[in-house]
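Inside the fold
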Protein chains: 2
Amino acid sequence: MRLGDLQTPALVVDAPVLERNLAEMARVLPGPRLRPHVKAHKCTALALRQSAHGHAAFTCATIREVEGMAAAGLGEDLLLANEVLDARRLGVLDAQVTVAVDSPETIAAARVGGVGRVLIDVNVGLPRCGCPPARAGELADLARRSGLQVRGVMGYEGHLMLLEGREEREHKTAEAMALLEAAHRDVGGEVVSAGGTGTYDVNVAATEIQAGSYALMDTAYQGLGLPFEPALFVLATVVSVSEKFAVADCGLKSLGMDHGNPSVEGAQVWFCSDEHLTFAPDSPVRVGDRIRVWPAHVDPTVAYHERLALVQDDQILEEWPVDLRGW
Amino acid sequence: MRLGDLQTPALVVDAPVLERNLAEMARVLPGPRLRPHVKAHKCTALALRQSAHGHAAFTCATIREVEGMAAAGLGEDLLLANEVLDARRLGVLDAQVTVAVDSPETIAAARVGGVGRVLIDVNVGLPRCGCPPARAGELADLARRSGLQVRGVMGYEGHLMLLEGREEREHKTAEAMALLEAAHRDVGGEVVSAGGTGTYDVNVAATEIQAGSYALMDTAYQGLGLPFEPALFVLATVVSVSEKFAVADCGLKSLGMDHGNPSVEGAQVWFCSDEHLTFAPDSPVRVGDRIRVWPAHVDPTVAYHERLALVQDDQILEEWPVDLRGW
C-alpha cells in the first residue's frame, strides 16, 4: 500500500526519521538511562521499537497506558509518573508497577490499590504535581510505614524544556535537580527519575530520563538544536480550492491545537475548523492533492487518532493502532 | 451509579439541561426545519433524542459520522455537509445520503461513489468550502448531466455565528443568504440548507438549519443571549494540592484547546498539560475533591472521549458511547 491509498486525515510516521531518533537517543542514554515516556505516542508498537533499542522500563501518564503496556508484554518496569486516587486497576496487573505519590492521600491510594512500589514526586519548579522538597522525607517514611517500597524520587523540570540557550538550560536544570537531590538524600532508594527531551543531555543528576517527545518530535523544540527530527505529520486531502485559499480535510479534531496552528510547507495556514484546514498555498494546488500538515503539538494530536501509518518514502510499511488512548 | 463513582477524567452531560436545549430548539425549528449537526456530539444515542424531538434529517461532517448514523437506524435523510474525493463508503450504505459538492472533482466523486444526491455548496463569506455563487448553476447542470439528483444548495455563514449584536447578526446573515438565494435560483431543487446555533432564529432564508452546538452549547456563545445553556463538562479529580495552586486530572488530551483554556467555577485556570489542569481555587480544595471543568470548545473536546455520562443531579442515568469519532 502507498501513501496515496490512505483515507484522510491520516496520522503518518516517517519510519527512517523515527528510527534515527530512537537510535540517537539510545546512543546517548542507553538501556536503563532512558525510561521512554509513552504518553507522547500512545502506541505499544512504537514502544516495542524503543524496547528493541534497549530500553526495558517505561513511563506512563495514565492508568490506561499502564494497562496497555502490561497487556503488550512491556510490563517489566512501568512507572505511572502521575498521582492517582484510585489505584485498584494498577494493583491487579501482571506487571511491575511503580506509582508517583506526593501526599498522604496518594500513598493511601497506592496501598489500598495494591501497588507495592512508589516514587516520591517532588516539585522542582513546575507548578504541577510534586511535594515541596523538604516534605519528601516524611512522605517516604509514611509510605514505608504503609508497607510500600520507596524506590526513590521523581521530579519533572518541565518548565525548562523549551529554554533555547543550552547553557541556561543546563544551569537551571542543575538548580532544579539540586532540589531533587536534596529530597533524594531524605528519601533514599536507587531511583532519581526526571528530565525530558529538552533536557535529556543536560540533566546529569537523574539516574533515568523520562523523555518521550524525542521519538516523533514537536516543532516547538526546533529552536533547541537537538539531534532529533520531526517524524509525524497528518496527511490531508485538498477538498476545495478557491482563488485565494484552499481547504484540506483535517482540522481541530485531528490536530492538537494548544500550541497554535499546524504548519504546511509552502503555504500560510489561515485557520482550522472541526474538519477543515484553510490555507493559502504559495503555488497553486488542485482538488485531490495531498498535503502534509505538521501539528504544533504531537501528543494531543496523536490522541485523536485510532492508528498511525509507518511509511518510508511513499510506501506504507505497517499500520499501528494508537492503542493507549483514553483513561 | 453516582457522579462520584466515575473514573476521571469523564465527559458528563447534564440531562435536564440537554433536554431543555433540545425542546427549545424543536419549538422554534420543529421537525424538518432543523437538520441537527451530529459533529457537535458524535453520539448516536444523543441523535436518537434529537430524533425523538421530531427531527428525522441529520447533518454530518465525516464519512464515519454518516456510517454510524446509518448503522444506528437514523439514515432516513443524511447530509454529508462536506466535500469528499472518495465517496465509495457512502454509496454502499443502507441510508439516503446526500453529499455537498463544490467542484467538478467532487461531483465526479459522488457519481463514482454511488451517492445519488447532492447539494451544491456555495461560499457565502466564510473562507472555507463552497463554490462562488455565480458558479453554482453550472455545477448543478454538470451534476445533473452526471446523473445525480440536485436537491438544492447549502451555504454556511460560519463567520457570523459569534457576532454578539442580534441586529448585526440578522443583517449580515440576510446579506450572506442573499448570495445563497441567488445561487439557488440558478440551481433549483427544494433545499436551502444553512445556518447554525448562532443564527438559528435570524436565518429566515434557509429551508433547514444545520445547528449542532445548541444541544451541549459552547461557552463561546454566551455573549449572544441564546436560550440554550451549557450542558457538558469534564469531571476531574484533584490529585495534588500546593500552597498556591491545585492540580486536577484532565488536560490537553481531554479538552479541545483551540478556543483557549477551560473554565472552573471559583478558580483561576493557570494552564493545561497533557493530563493535568493547574488552577488556583478561590477557596481551599483537598486531594480527592471532584471539580467540573467547562471546556472552551465542546466539539473537539467530545472527540477525545470514548463515552459520556448522562446525569441528573448526582445520579448517572445512562452512559452513551461517543461512537461517531474518527473518519
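Only a predicted model underlies this, so the values are computations on that prediction, with no experimental measurement involved.

Tallying secondary structure elements over chain A gives eight helices and 16 strands in all. Taken over the C-alpha trace, chain A has a radius of gyration of 21 Å; the compact-globule value for 327 residues is 20 Å, and the two agree within 12%. Overall size of chain A, expressed as C-alpha extent along the three principal axes, is 70 × 45 × 35 Å. Of all 327 residues assigned to chain A, the portion counted as buried reaches 55%. Intrachain contacts of chain A at a sequence separation of at least 6 include 61% that bridge at least 24 residues.

This brings us to the pairing of strand S14 (residues 290-294) of chain B. Residue and element names in this part refer to chain B. Burial along S14 is one-sided: Ile291 and Val293 are buried, while Arg290, Arg292 and Trp294, pointing the other way, are not. Relative to S14, strand S11 (residues 263-264) is paired through two bridges, and the arrangement is antiparallel. Bridging across to S14, valine 264 finds its partner in valine 293.

So, about the relation of the copies chain A and chain B. Least-squares fitting of chain A to chain B yields an RMSD of 0.0 Å, with the superposition described by an axial translation of 0.0 Å and a rotation of 180°. Expressed as a symmetry operation, the mapping of one chain copy onto the other fits a two-fold axis. Of the interface residues in chain A, 100% have counterparts in chain B that sit at the interface too, so the contact is made through matching surfaces.

Here the focus is helix H7 (residues 166-187) of chain A. In an α-helix, one full turn covers 3.6 residues, which means residues spaced three or four apart are oriented alike. All names here are of chain A. Along its 22 residues, H7 runs 30 Å from first to last C-alpha, staying within 8% of the 32 Å computed at 1.5 Å per residue. Buried residues of H7: Arg169, Thr173, Ala176, Met177, Leu179, Leu180, Ala183, His184 and Val187, and no others. Looking one or two residues past H7, glycine 188 carries a phi angle of roughly 80°, positive in sign.

Before going further, it helps to spend a moment on the domain arrangement of chain A. How big an interface is tends to be stated in terms of the accessible area lost upon association of its parts. All names here are of chain A. Annotation of chain A at the domain level lists domain 1 (3-11 + 229-321) and domain 2 (15-218). Taking only C-alpha atoms, the centre of domain 1 and the centre of domain 2 are 32 Å apart. Opposite the 15 residues of domain 1 that make contact, domain 2 presents 17 residues. The biggest single contributor to the side of domain 1 that touches domain 2 is strand S15 (residues 307-312), with four residues. Each residue belonging to the side of domain 1 that touches domain 2 can be placed in one class, and the counts come to 11 nonpolar, two polar and two charged.

What follows covers the sheet that holds strand S3 (residues 77-80) of chain A. Residues and elements named next belong to chain A. Pairing in this open sheet of seven strands is parallel, and the strands run S2-S3-S4-S5-S6-S7-S8 from one edge to the other. The outermost strands of the open sheet, each flanked by one partner alone, are strand S2 (57-60) and strand S8 (208-209). Sheet topology places S2 next to S3; four bridges connect them, and they run parallel. If you follow alanine 57 over to S3, its bridge partner there is aspartate 77. Across the face of the sheet, H7 comes into contact with strand S5 (117-121), strand S6 (149-155) and strand S7 (191-194) while running at roughly 170° to S6.

Now for the nonpolar core. Counting 217 residues, the largest nonpolar core has Leu80 and Ile120 of chain A together with Leu80 and Ile120 of chain B as the members making the most contacts within it. In contact with isoleucine 120 of chain A, not counting residues within four places along its chain, are Val101, Cys131, Ala136, Leu139, Ala140, Val150, Val153, Ala183 and Val187 of chain A.

On the side of chain B, 44 residues touch chain A, which itself brings 44 residues to the contact. Taken together, the residues that form the side of chain A that touches chain B break down as 18 nonpolar, 15 polar and 11 charged.

Further remarks concern the sheet that holds strand S4 (residues 97-101) of chain B. All names here are of chain B. Sheet architecture is open: seven strands sit in the order S2-S3-S4-S5-S6-S7-S8, paired in parallel fashion. Of all strands in the sheet, those bounded by a partner on one side alone are strand S2 (57-60) and strand S8 (208-209). Sheet topology note: the strand S6 (residues 149-155)/strand S7 (residues 191-194) ladder contains four bridges and is parallel. Across the sheet, residue glycine 155 finds its bridge partner in S7, namely alanine 194. The sheet strands contacting helix H7 (residues 166-187) are strand S5 (117-121), S6 and S7, and the helix crosses S6 at an angle near 170°.

Below, the discussion takes up unusual backbone geometry. Here the residue pair threonine 8 of chain A and proline 9 of chain A is connected by a cis peptide bond, since its omega of 0° sits within 30 degrees of zero. Within the secondary structure, proline 9 of chain A sits in the segment before strand S1 (10-14). With a phi close to 50°, lysine 42 of chain A is a non-glycine residue in the positive phi region. One can find lysine 42 of chain A in the loop between helix H1 (15-28) and helix H2 (44-52). A positive phi angle, close to 50°, is found at aspartate 313 of chain B, a residue other than glycine. Looking at where aspartate 313 of chain B falls in the secondary structure, it is placed in the loop between strand S15 (307-312) and strand S16 (315-321).

Cut-offs and rules
Residues numbered from 1 in each chain as written. Chains lettered and ligands numbered in written order. Predicted model: local features only at pLDDT ≥ 70, side-chain atom pairs only at ≥ 80, totals over all residues. Helix = DSSP H or I, 4+ residues; strand = E, 2+ residues; numbered from the N terminus. Rg over C-alpha atoms; globule rule 2.2 N^0.38 Å. Buried ≥ 20, exposed ≤ 12 C-beta atoms within 10 Å, placed from the backbone. Contact = placed C-beta atoms within 7 Å. Pairing = 2+ DSSP bridges. Least-squares fit on C-alpha atoms with pLDDT ≥ 70 in both. Expected span 1.5 Å × (residues − 1). Domains from an automatic or database assignment. Nonpolar A, V, L, I, M, F, W, Y, C, P; charged D, E, K, R; others polar. Axes fitted to C-alpha atoms, helices over the stretch in contact; angles between N-to-C directions. Core = buried A, V, L, I, M, F, W, Y, C linked by C-beta atoms within 7 Å.

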